[in-house]
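Residues per chain, in single letters:
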Amino acid sequence: ETKEEDALLVDEFGMTAFHVLFSTTEPSEELLKVLLAKYSHRILDCKDFNEKRPLDYLVSNWTETTAALLQKTLQSWMVDPLGRWGAPSWME
């Protein structure tokens, strides 16, 4: 996906599906899995019109559930790609 394609994935407030999911009071783990599998991880770095990234919303609503979602998001976004580089031994 290109930046132009990413721009098509935002609403009138500049929010992506990740922004919306992470700003809810009870974000769904199942929906997060679908979004992580479907969209480029670049979207997690997009700021909305309030200058917030999706993860900003997640950490501002901190609970045990959102902590687990943050862990899953970071695992998928940052750690799993390292394993695809063939470097799992130093990731652990």
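Our structure is the block above this text.
The notes below deal with the structure included here. Quick caveat, the model's predicted, so the values are computed rather than measured.

## Some words on the pattern of salt bridges
- This structure, assessed with the given rule, holds five salt bridges.
- For K33, the salt bridge is made with E30, and the minimal N-O distance between the two is 3.6 Å. Here E30 and K33 lie together in helix 3 (residues 29-38), a separation of three residues that amounts to about one turn.
- Classification of K33 as partly exposed rests on a relative accessible area of 44%.
- Between K47 and E51 there is a salt bridge, with the nearest N and O atoms lying 3.8 Å from each other.
- For K47, a relative accessible area of 40% corresponds to the partly exposed category.
- Counted as one network, the salt bridges with shared partners bring together E29, E30, K33 and K72.

## Re the environment of Y57
- As for its placement among the helices and strands, Y57 is situated in helix 4 (residues 54-60).
- On the basis of relative accessibility, which here comes to 12%, the residue Y57 falls in the buried class.
- Residues Y57 and S23 lie 34 residues apart in sequence; the distance between their C-alpha atoms is 5.2 Å.
- If sequence neighbours within four positions are ignored, Y57 has contacts with M15, H19, F22, S23, D48, N50 and K52.
- A distance of 2.4 Å separates the side chain of Y57 from the side chain of D48, its partner in a polar contact.

## Some points on the environment of P54
- In this structure, P54 sits in helix 4.
- The exposure class of P54 is buried, given its relative accessible area of 0%.

## Some details on the nonpolar core
- In this structure, F18, F22, L32 and L58 are the most contacted members of the largest nonpolar core, which totals 14 residues.
- For this core, the elements supplying multiple residues, two or more each, are helix 2 (17-23), helix 3, helix 4 and helix 5 (64-84).
- Contacts of F18, omitting those with residues within four sequence positions, involve L32, L35, L36, Y39, I43, L44 and P54.

## Section: helix 3
- All buried positions along helix 3 are accounted for by L32, L35 and L36. One face of helix 3 carries all of its buried residues, which in axial projection span an arc of 100 degrees. Structural note: helix 3 exposes E30, V34, A37 and K38 on the side pointing more than 90 degrees away from its buried face.
- Two or three places before E30, at the opening of helix 3, S28 has a side-chain oxygen 3.3 Å from that residue's backbone nitrogen.

Rules and cut-offs
- Residues numbered from 1 in each chain as written.
- Predicted model: local features only at pLDDT ≥ 70, side-chain atom pairs only at ≥ 80, totals over all residues.
- Heavy atoms only, no water.
- Salt bridge = Lys/Arg side-chain N within 4 Å of Asp/Glu carboxyl O.
- Helix = DSSP H or I, 4+ residues; strand = E, 2+ residues; numbered from the N terminus.
- Buried < 20%, exposed > 50% of the residue type's maximum accessible area, 1.4 Å probe, protein only.
- Contact = heavy atoms within 4.5 Å.
- Polar contact = N/O pair within 3.5 Å; in protein donor to acceptor, adjacent residues only side chain to side chain.
- Core = buried A, V, L, I, M, F, W, Y, C linked by side-chain atoms within 4.5 Å.
- Arc of directions from axis to C-beta.

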